[in-house]
Structure formats: C-alpha cells, structure tokens
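Chain and residue survey
Each chain, written out:
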Amino acid sequence: MSKKGDIGADRFRKRHDREERHKDALPTEDDAPLPTPVETIHTERIPSRNDPCPCGSGKKYKQCCGKN
C-alpha cells in the first residue's frame, strides 16, 4: 500500500512529465516557420425552419419558401 504522500508525489510527477512533453512539442526559434493560414471559404447560409424567410415576406421560412 502506498501512503497519501506518495500518491501526491506521483500525481505531481505525472503532471510535470505531461507539461514537459507539451513544451517539447512546441515550435522553437530553430524550427521552420508555420505556413500561412488558409482563408475560410464562406458559403451562403441555408435558413433553418424557424428563421425568417430570405425572400422578405416577413413569414417564417417553413411557412413561406420552405413549404413543399
């Protein structure tokens, strides 16, 4: 059986090791620079059933252009 102090030290050691692995994974000054971010392509939003209709009637989409 382990003592309470050992459990705390073990948890501290595990956390410390996890933080060290994280630091090692971060880029350093010697690494190549990161690529430039890609621009997001925005598409036209499809209205959900309860959104106002895009035709401008003032009705909900499900009662106007969304009817089958």
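Residues numbered from 1 in each chain as written. Predicted model: local features only at pLDDT ≥ 70, side-chain atom pairs only at ≥ 80, totals over all residues. Heavy atoms only, no water.

**Some details on the pattern of salt bridges**
Cut-off, in case you're wondering: A carboxyl oxygen of Asp or Glu within 4 Å of a side-chain nitrogen of Lys or Arg is what we treat as a salt bridge. Numbering of helices and strands runs from the N terminus; a helix is a DSSP stretch of H or I covering at least four residues, while a strand is a stretch of E covering at least two. Type-normalised accessible area, obtained with a 1.4 Å probe on protein chains alone, sets the label of each residue: buried when under 20%, exposed when over 50%, and partly exposed for intermediate values.
Scanning all chains against the criterion turns up 5 salt bridges. Between E19 and R15 there is a salt bridge whose closest N-O contact spans 3.3 Å. You can see E19 and its partner R15 sitting in helix α1 (residues 4–25), 4 residues apart, about one turn around the helix. Judged by its relative accessible area of 36%, E19 is partly exposed. R45 is the partner of D51 in a salt bridge, and the nearest nitrogen-oxygen pair spans 2.7 Å. The class of D51 is buried, set by a relative accessible area of 18%. Connected through salt bridges with shared partners, the residues D10, R13 and K14 form a single ionic network.

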